[in-house]
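Topology and contacts: notes
Here is what each chain is made of, one letter per residue.
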Amino acid sequence: GGLHGDLPLEPTAGKVIADLIADQRLTCVLDVSEFDDRQQMYRFLIDLGETLLRRNREVLHLFLEEADEYLPQNPRDKGLLPKCLGVWQRVVKRGRFRGIGSTQVTQRSASLNKDTLYQAEALIAMRVTGPKDREAIRDWVDYHNVAKEVVSSLPARAHGEATLAIRRRQAS
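It is worth spelling out the packing of helix α1 (residues 14-24) against helix α2 (residues 38-55) at this point. Two measures define how a pair of helices packs: the angle their axes make with one another and the distance between the axes. Remark: α1 packs on α2, axes separated minimally by 7 Å, with the N-to-C direction vectors making an angle of 30°. With respect to their mutual orientation, α1 and α2 come out roughly parallel. The handedness of the crossing between α1 and α2 is right-handed. Residue-level contacts link G14, K15, I17, A18, D19, I21, A22 and D23 of α1 to F44, D47, L48, T51, L52, R54 and R55 of α2.

So this is what it looks like as structure tokens:
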């Protein structure tokens, strides 16, 4: 799908593609950015996520680009977005039991769902100048007991320079 896709994605193809991924261990890029409307994108993502959770049993890593589109902190769209959000929250939070790991990618950390953001064990942040976006990263840093200087360095980062923060394990 998308501008550079080999094949167009149909809104009703989420289940079929998830079955292919689970059965054939298919490696693919699924670009949903060119769906005619958001409800079609949500329908596809609901079917994809539900089927992967039900069918996948081997190691699978998902890169969730523009994750704030379907994992928003404040869902404002009506229609299928609440269901899509719920499905993908389960994928991120419970997918590990099915072999599914994920990387959430967003340019707007403040817009990303905090229930899924806090599941991340590592954070890679590039230059962040927006106060609300830095606040979301600060909350992750506090939650995971990571060095506070991670946040203060974000506005001054050079173009393309990143900071890596890895959560600290609690001693038992």
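Attention shifts here to helix α5 (residues 131-143). Given a rise of 1.5 Å per residue, 13 residues ought to cover 18 Å, and the 18 Å separating the end C-alpha atoms of α5 matches this to within 8%. Every buried residue belonging to α5 is among D133, R134, A136, I137, W140 and V141, and all of these are buried. Seen end-on, α5 carries its buried residues on one side only, within an arc spanning 155°. Those residues of α5 that are exposed and angled more than 90 degrees off the buried face are P131, K132 and Y143. Taken together, the buried residues of α5 touch α4 (114-117), β3 (122-125), α6 (149-152) and β4 (163-166).

Core analysis: the biggest nonpolar cluster contains 42 residues, and F44, L45, L48, L71 and W88 have the highest contact counts within it. Contributions of two or more residues to this core are made by α1, α2, β1 (60-64), α3 (81-94), β3, α5 and α6. If you tally residues by element for this core, the top one is α2, at eight residues. In this structure, L71 is in contact with L64, L85, W88, Q89, V92, Q104, S111, L112, N113 and T116, ignoring residues within four places of it in sequence.

It is worth spelling out the packing of aromatic side chains at this point. Applying the stated rule across the entire model yields three aromatic pairs. With centroids separated by 5.7 Å and ring planes inclined at 45°, the aromatic side chains of F35 and F44 adopt a geometry described as tilted. For F44, a relative accessible area of 0% translates into the label buried. Here Y70 and W88 contribute two aromatic rings whose centre-to-centre distance is 6.0 Å and whose plane-to-plane angle is 70°, an arrangement assigned as edge-to-face. Of the two residues, Y70 is situated in the loop between β1 and α3 and W88 in helix α3; the sequence distance between them amounts to 18 residues. The residues Y70 and W88 share a single accessibility class, namely buried.

Parameters and conventions
Just so you know, the residues in each chain are numbered from 1, in the order the chain's sequence is written. With the structure being a predicted model, the display of local features is reserved for residues of pLDDT at least 70 and the display and counting of side-chain atom pairs for 80 or more, all residues being used for whole-chain, interface and lining totals. To get the side-chain values, all heavy atoms of the structure are used, and hydrogens and water are removed first. Orientation is described by axes fitted as lines to C-alpha atoms, over the contacting stretch for helices, and by angles from 0 to 180 degrees between their N-to-C directions. A run of H or I in DSSP becomes a helix once it reaches four residues, and a run of E becomes a strand once it reaches two; helices and strands are each numbered from the N terminus. When an angle is under 35 degrees it counts as roughly parallel; over 145 it counts as roughly antiparallel; between 65 and 115 it counts as roughly perpendicular; any other value is oblique. Two helices that cross are described as forming a left-handed crossing if the nearer one is turned anticlockwise from the farther one by less than a right angle, and a right-handed crossing if clockwise. Note on definitions: a residue-residue contact is assigned when non-hydrogen atoms from the two residues lie within 4.5 Å. Between the first and last residue of a helix there are one fewer steps than residues, each counted as 1.5 Å, and that sum is the expected span. Buried means the residue's accessible area, taken with a 1.4 Å probe over protein chains only, is under 20% of the maximum for its type, while exposed means over 50%, and partly exposed covers the values in between. By arc we mean the arc of the directions from the helix axis to the C-beta atoms, nothing more. Throughout this description, the term nonpolar core refers to a set of buried Ala, Val, Leu, Ile, Met, Phe, Trp, Tyr and Cys residues connected via side-chain atoms within 4.5 Å. Each Phe, Tyr or Trp ring (for Trp, its six-membered ring) is paired with any other whose centre lies within 6.5 Å, and the angle between the two planes then decides the class: stacked below 30 degrees, edge-to-face above 60, tilted in between.

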